[in-house]
Structure formats: structure tokens, C-alpha cells
Amino acid sequence: MKQTTSVLFVCLGNICRSPSAEAVFRKKAAESGLNIYIDSAGTHGYHIGKPADKRSQAAGVERGYSFKGLKCRRVDESDFERFDYILAMDNSNLSNLHGMSPSQYHHKIKLFLDFADVEEQEVPDPYYGGKRGFELVLDLIEEASDGLIAHLKQTQS
Ligand code: 4NP
């Protein structure tokens, strides 16, 4: 029997974009009936152990997503073996992940927006901006989550 597919979302701090991706994708995956192991992490360790940024939580909760229990952690070497999909929010995260990963796992590392039907390649860092940035993060993450679910439905059937 095929093992549960696993997905790791990665950004810089693991307090804005990747926990938002985790929260959105958890809800959408559950609604789609897919059995997926989901987690998120950051390439840097500025906020280890902290919950998601209050602005990300406020914007996400408003759309019906839960951030309960999410705690910031850093990408670990074992993640590259453990996860099937390691999805970066921007090109800087992507290149940091390539630098951290043994080359045998590079095929697992992709931009999350590769799965979205949008012109943007990256989910922009909202940390130093206003509310609009947090809404854009969610818009892009919702698109990419739908695309990833469609992809996983195809590969798991
Ligand atoms: P994230 O956003 O990578 O989407 O979690 C950031 C969070 C924290 C910082 C930068 C970006 N920081 O510089 O502390």
C-alpha cells in the first residue's frame, strides 16, 4: 500500500507565509478527502517556538482557516528525506533549500506557485508591509493549494 504523501511548506521565518500555506492546505486537503501529512518550516531560525504572526492569523481566520497548534521551526536535515514535496514560497527560499539539501533530494524541492494558475512565481514576503500583503499571500496560497490538490488527486489515483 502506498504510504501517506507528505508536503512541507517553507518560507524564511515560518511565521507568515508557510504557516498560512499549512493552515489553508490542511483545510482544503481535508475537504478533498486526501490523506496527506502536512507541515511547515523556515530556512532561518529567528522565531523558533513562536505561533504564526498575528497579522497572518487574523487574515487567515477571517477566511476560515485555523492556526491552532502551529509553532515555528527551522528546516531540519531529516526533512529532505522525510517529505515527498518541499515547497518554497520564493526563489530565495528555493535556493536556500537547494543549498541545504543533499543533491539526491533536489527533485522534491519546488516553488509552491508552480502548482498555481497565476502569473506570479513567488508568494511575496508580507512581513514589513501592510494588510494588503497578507491578503495577497492568502489569494496566491489558495490558488496553489487547489492546483496541488488536483495534482495529488491525479498522482494518487
Ligand atoms: P515569512 O516572513 O518568511 O513569510 O515567515 C518573515 C518573517 C520574519 C522575518 C522575515 C520574513 N524576519 O525578518 O524576522
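Residues numbered from 1 in each chain as written. Predicted model: local features only at pLDDT ≥ 70, side-chain atom pairs only at ≥ 80, totals over all residues. Heavy atoms only, no water.

1. So, the site of the ligand
Alright, step 1. Residues in contact with the ligand, as listed here, are Cys11, Leu12, Gly13, Asn14, Ile15, Cys16, Arg17, Tyr46, His47, Asp125, Tyr127 and Tyr128.
Alright, step 2. Contact distances for the ligand include 2.9 Å between an oxygen atom and a backbone N or O atom of Cys16.
Alright, step 3. For the ligand, whose unbound accessible area comes to 350 Å², protein coverage reaches 93%. (Near = heavy atom within 4 Å. Polar contact = N/O pair within 3.5 Å; in protein donor to acceptor, adjacent residues only side chain to side chain. Areas by Shrake-Rupley, 256 points an atom, 1.4 Å probe, with all protein chains shown as cover.)

2. Things to note about the packing of aromatic side chains
Alright, step 1. Inspection of every chain in the model, using the stated rule, returns five aromatic pairs.
Alright, step 2. Where Tyr127 meets Tyr128, the ring centres are 4.8 Å apart and the plane angle is 85°; that geometry is what we call edge-to-face.
Alright, step 3. The positively charged end of Arg55 is found above the aromatic ring belonging to Tyr127, 5.4 Å away from the centroid. (Phe/Tyr/Trp six-rings, centres within 6.5 Å; stacked < 30°, edge-to-face > 60°. Lys NZ or Arg CZ within 6 Å of the ring centre and 35° of its normal.)

3. A closer look at the UniProt feature "domain: Phosphotyrosine protein phosphatase I" (unreviewed entry) in the chain
Alright, step 1. Residues annotated by UniProt as "domain: Phosphotyrosine protein phosphatase I" (unreviewed entry) correspond here to residues 5-151.
Alright, step 2. For residues 5-151, the helix share is 41%, the strand share is 14%, and the end-to-end C-alpha distance is 12 Å. (UniProt positions renumbered as here; feature names shortened; annotations may be inferred. Helix = DSSP H or I, 4+ residues; strand = E, 2+ residues; numbered from the N terminus.)

4. What about the pattern of salt bridges?
Alright, step 1. The tally for this structure, following the rule as stated, stands at 12 salt bridges.
Alright, step 2. For Arg17, the salt bridge goes to Asp90, with nearest N and O atoms at 2.9 Å. Taken together, the positions of Arg17 in helix H1 (residues 17-32) and Asp90 in the loop between strand S3 (85-88) and helix H4 (91-100) put the pair 73 residues apart, joining distant regions of the chain. Note on accessibility: Arg17 and Asp90 belong to one class, buried.
Alright, step 3. In this structure, Lys28 engages Asp146 in a salt bridge whose closest nitrogen and oxygen atoms are separated by 3.0 Å. With Lys28 in helix H1 and Asp146 in helix H5 (residues 131-156), the pair connects residues that are 118 residues apart, well separated along the chain.
Alright, step 4. Looking at Lys28, the relative accessible area reads 17%, which means it is buried.
Alright, step 5. Within the structure, one salt-bridge network assembled from shared partners comprises Arg63, Lys131, Glu135, Asp139 and Glu142. (Salt bridge = Lys/Arg side-chain N within 4 Å of Asp/Glu carboxyl O. Buried < 20%, exposed > 50% of the residue type's maximum accessible area, 1.4 Å probe, protein only.)

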